[in-house]
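Coordinate analysis (summary)
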Amino acid sequence: MALEQRPVAKLDRAVIFLGPPGSGKGTQAKVLAGKYGVPHLSTGDMLREHIVKGTPLGLKAKPIMGRGELVPDSLVLGMVAERIEQPDCSHGFVFDGFPRTVAQAKYLGEMLKRQGFKQPFVIHMVIGKALLLRRLTGRRTCKVGGEIYNIYDRPPKVEGICDNDSGELIQRPDDREEVITQRLHAYEKQTAPLVSYYRRLGALHEVDASKSVQEVQQEIEQAVASISGAR
Ligand code: AP5
């Protein structure tokens, strides 16, 4: 583990990244999870892994994700429950892209209570639509380690090749403009209501996600340190 990734303190709860496609959830969730030494749980990555492996779940999810719609709760909830019951999740974890519906949030709340976790801490990534298209169409992801780049704002040193492990950089099939429009629509309709849901629970922290990666990271780290006692 790299020096800067050595865990600094215990997290003792779930941190949830909530925000529209392209707001930087994956970029920041990965760093935060590394900092606390807890798993980064991206339901999008889990579903894509099922698709690559050709599992029954992957076969059902593939056309739905290809259209930019949400995968039904009936498929997602079991996958998440199975994952957070693993021993590496016993000191907390960072969710990226889950929950995405009020039903998912309620299910998660019950599950966390049963497992003795405190109320989750939700980071709301606030950003205008104009920036999202540039971020999503410019995104490239390493096929090997999953590192996230952007051809406009965060290019690799060598085009198409990951700086970390020389893996091939690929574009996600749902990062085409017509699918992005549908993903943004699904966010507004099904996921945005979670902002007021978590605000009512007093668990929401808003971050200006239009700032640079480093500025956003700093703001998130300060917010999480204030609830976890980390320095
Ligand atoms: P998922 O994989 O979760 O995608 P998403 O929510 O659409 O979010 P993205 O991964 O597109 O964006 P992000 O916010 O993580 O941004 P990133 O950090 O990559 O879901 C995909 C699909 O799976 C869904 O459509 C759905 O079908 C299904 N699914 C997943 N979870 C589900 C669930 N719970 N229920 C039902 N269905 C589910 O950054 C984007 C780009 O911007 C990158 O290029 C990055 O380098 C750049 N960038 C990031 N931050 C900055 C910054 N501060 N400044 C400049 N550039 C930046």
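See the structure above.
Strand order in the open sheet formed by five strands is β2-β3-β1-β4-β8, and the pairing between neighbours is parallel. What marks the edges here is a single partner per strand, and that holds for β2 (40-42) and β8 (204-208). Taking the axes of each pair of neighbouring strands and ignoring which way they run, one obtains an average angle of 20° across the sheet. Pairing of strand β4 (residues 121-126) with β8, which is carried by five bridges, proceeds in the parallel orientation. Bridging from a neighbouring strand, Met 125 pairs with Val 207 of β8.

In the vicinity of the ligand there are 34 residues, among which Thr 27, Glu 69, Arg 100, Arg 139 and Arg 183 approach most closely. A distance of 3.2 Å is found between a nitrogen atom of the ligand and a side-chain nitrogen or oxygen belonging to Arg 135. In the complex, 96% of the free accessible area of the ligand, which totals 1000 Å², lies under the protein chains. Listing elements by their share of the shell around the ligand, those giving two or more residues are α1 (25-36), α2 (43-53), α6 (129-137) and β6 (148-150). The dominant element in the shell around the ligand, judged by the number of residues it contributes, is α2, at four residues.

Before going further, it helps to spend a moment on the packing of aromatic side chains. Evaluation of the coordinates by the stated rule reveals four aromatic pairs. Measuring from ring centre to ring centre gives 5.3 Å for Phe 93 and Phe 95, while their planes differ by 80°; the resulting arrangement is edge-to-face. You'll find Phe 93 and Phe 95 in the same group, each marked buried. With 5.5 Å between their ring centres and 80° between their planes, Phe 93 and Phe 117 make a pair best called edge-to-face. Highlighted residues: Phe 93 in strand β3 (residues 93-96) and Phe 117 in the loop between α5 (102-114) and β4, separated in sequence by 24 residues. For the residue pair Phe 93 and Phe 117, the accessibility class agrees, reading buried in each case. Taken together, the ring pairs connect Phe 93, Phe 95, Phe 98 and Phe 117 into an aromatic cluster.

Omega for the peptide link from Phe 98 to Pro 99 comes to -5°, which places this bond in the cis form. Tracing the backbone shows Pro 99 in the loop between β3 and α5.

Our next topic: α2. For α2, the full list of buried residues reads Thr 43, Gly 44, Met 46 and Leu 47. In a view along the axis of α2, the buried residues occupy a sector of 165°, so they form one face of it. Every exposed residue of α2 that faces more than 90 degrees away from the buried side is listed here: Val 52 and Lys 53. Contact partners of the buried residues in α2: β2, α3 (56-66), α4 (73-84) and β3.

Scanning all chains against the criterion turns up 18 salt bridges. The salt bridge partner of Arg 67 is Glu 69, with a shortest N-O separation of 3.2 Å. Residue Glu 69 is classed as partly exposed on the basis of its relative accessible area of 34%. Close ionic contact of Lys 211 with Glu 219 constitutes a salt bridge, the shortest N to O distance being 3.8 Å. Residues joined in a network through salt bridges with shared partners are Arg 139, Arg 172, Asp 174, Asp 175 and Arg 183.

The next point concerns the pairing of β3. Going residue by residue along β3, you find Phe 93 and Phe 95 tucked away on one face and Val 94 and Asp 96 tucked away on the opposite face as well. When strand β1 (residues 14-18) meets β3, the two strands line up parallel, connected through four bridges. Opposite Ala 14, over in β3, you have Phe 93 as the bridge partner. Two elements, β2 and β3, share three bridges in a ladder whose sense is parallel. Following the sheet pairing, Ser 42 is matched in β3 by Asp 96.

A word on the packing of α2 against α4. Two elements in contact, α2 and α4, have axes separated by 11 Å at closest approach and are oriented at 105°. As summarised for this structure, α2 and α4 are arranged roughly perpendicular, according to the angle between their axes. Contact with α2, carried on its side by Thr 43, Met 46, Leu 47 and His 50, involves Val 76, Met 79, Val 80 and Arg 83 of α4 and no other residues of that element. Grouping the constituent residues of the contact of α2 with α4 by class yields five nonpolar, two polar and one charged.

So, how was this worked out
Residues numbered from 1 in each chain as written. Predicted model: local features only at pLDDT ≥ 70, side-chain atom pairs only at ≥ 80, totals over all residues. Heavy atoms only, no water. Pairing = 2+ DSSP bridges. Helix = DSSP H or I, 4+ residues; strand = E, 2+ residues; numbered from the N terminus. Axes fitted to C-alpha atoms, helices over the stretch in contact; angles between N-to-C directions. Near = heavy atom within 4 Å. Polar contact = N/O pair within 3.5 Å; in protein donor to acceptor, adjacent residues only side chain to side chain. Areas by Shrake-Rupley, 256 points an atom, 1.4 Å probe, with all protein chains shown as cover. Phe/Tyr/Trp six-rings, centres within 6.5 Å; stacked < 30°, edge-to-face > 60°. Buried < 20%, exposed > 50% of the residue type's maximum accessible area, 1.4 Å probe, protein only. Arc of directions from axis to C-beta. Contact = heavy atoms within 4.5 Å. Salt bridge = Lys/Arg side-chain N within 4 Å of Asp/Glu carboxyl O. Parallel < 35°, antiparallel > 145°, perpendicular 65-115°, else oblique. Nonpolar A, V, L, I, M, F, W, Y, C, P; charged D, E, K, R; others polar.

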